[in-house]
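# Results of the structural survey
Each chain is listed here by its residues.
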Amino acid sequence: MGPGLLIKAVAGRNFSLLTFGVAQIVMDIEPLVGIIRDSEVLHGYTHTYLAALVIAPIVVLIAPILGRPILRRWNRELSYYHLDCLVSPESWAHLPVIMGAFSGTLFHIVLDSIMHADIRPLVPWSNSNVLLDLVSIDALNQGCLVAGVVGAIAWLFFGWYQRERNGAGHPTR
Ligand SMILES: [Zn+2]
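The subject of this paragraph is the pattern of salt bridges. All chains considered together, the criterion is met by 2 salt bridges. With its nearest N and O atoms 3.8 Å apart, the salt bridge here joins glutamate 90 to arginine 72. Here glutamate 90, found in the loop between helix H4 (49-80) and helix H5 (94-115), pairs with arginine 72, found in helix H4; they are 18 residues apart in sequence, far enough to count as distant. Judged by its relative accessible area of 41%, arginine 72 is partly exposed. Two residues, glutamate 77 and arginine 73, come together in a salt bridge whose shortest N-O distance is 3.2 Å. Placement of both glutamate 77 and arginine 73 in helix H4 is noted, with a separation of 4 residues, approximately one turn of the helix. For glutamate 77, a relative accessible area of 32% gives the class partly exposed.

As for its position among the elements, threonine 48 is in the loop between helix H3 (29-36) and H4. For threonine 48, a relative accessible area of 4% puts it in the buried group. Among the polar contacts made by the side chain of threonine 48, one reaches the main-chain carbonyl oxygen of tyrosine 45 at a distance of 3.3 Å. Of the polar contacts made by the side chain of threonine 48, one reaches the backbone nitrogen of alanine 51; its length is 3.0 Å. Look past the residues within four positions of threonine 48 in its chain and what remains in contact with it is Ile109, Arg120, Pro121 and Val123.

Residue proline 124 follows valine 123 across a cis peptide bond; omega there is 15°. Along the chain, proline 124 turns up in the loop between H5 and helix H6 (137-166). We note that aspartate 133 has phi near 60°; this positive angle belongs to a residue other than glycine. Here aspartate 133 lies in the loop between H5 and H6.

Here the zinc ion is held by Asp28 (OD), His47 (NE2), His108 (NE2) and Asp112 (OD), and the distances to it run 2.0 to 2.3 Å. Linear spacing of the donor residues for the zinc ion on their chain is D-x18-H-x60-H-x3-D. One end of the pair, aspartate 28, is in the loop between helix H2 (17-27) and H3; the other, aspartate 112, is in helix H5, with 84 residues separating them in the sequence.

Following the sequence through the fold, serine 79 ends up in helix H4. Discounting residues that sit within four places of it in the chain, serine 79 has contacts with Asp84 and Val87.

Here we take up the side chain of histidine 108. The residue histidine 108 is located in helix H5 in this model. What makes histidine 108 buried here is its relative accessible area of 6%. In terms of polar contacts, histidine 108 uses its side chain to reach the side chain of glutamine 24, at 2.8 Å. At 3.0 Å, the side chain of histidine 108 forms a polar contact with the side chain of aspartate 28. Leaving out residues up to four positions away in the same chain, histidine 108 has contacts with Gln24, Met27, Asp28 and His47.

Let's shift gears to a nonpolar patch on the surface. A surface patch of nonpolar side chains, about 440 Å² in accessible area, is lined by Tyr80, Tyr81, Leu83 and Leu156. Note on placement: leucine 83 falls in the loop between H4 and H5. According to the relative accessible area criterion, leucine 83 is partly exposed, its value standing at 32%.

Analysis parameters
Residues numbered from 1 in each chain as written. Predicted model: local features only at pLDDT ≥ 70, side-chain atom pairs only at ≥ 80, totals over all residues. Heavy atoms only, no water. Salt bridge = Lys/Arg side-chain N within 4 Å of Asp/Glu carboxyl O. Helix = DSSP H or I, 4+ residues; strand = E, 2+ residues; numbered from the N terminus. Buried < 20%, exposed > 50% of the residue type's maximum accessible area, 1.4 Å probe, protein only. Polar contact = N/O pair within 3.5 Å; in protein donor to acceptor, adjacent residues only side chain to side chain. Contact = heavy atoms within 4.5 Å. Donors = N, O, S within 2.8 Å, 3.2 Å for Na, K, Ca; no water. Patch = residues over 30% accessible without salt bridge, like charges linked within 9 Å, V, L, I, M, F, W, Y side chains within 5 Å. Areas by Shrake-Rupley, 256 points an atom, 1.4 Å probe, with all protein chains shown as cover.

So this is what it looks like as structure tokens:
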């Protein structure tokens, strides 16, 4: 979720972080099933750029259904703790959801390509994976953690800044 937080800080209300999260869950259904069934290949056909482009529209359809109660609860908690600057609109506009879904599935393939030896991200065009071991898994995890922390701080700051600009007490929805 680290890169998602960073994108959220930059894109603000044009990006649905919750949809990005739903995309991560949907993308890892295949490895989960593979683990349960003790499969040799965990990152198969759903872990390709082509599949990511097919799965993203499915995420666009299901993210609002799955995310609506979570977002409602999240906004209520934020309001309770006087963090109105981080409250997100509950309207589920198309653009943020589309941005969250496509960046979520495609980023997932990029990061998994670096980590997992069984992934063939360019199928059906190629069986190669040029990103494998580009950086160590430790470095990748640390990079995601840093992105998440920086993104969360920046998101908080921009939210606060926007609220101050709009006048305190008026949440930016
Ligand atoms: Zn995965």
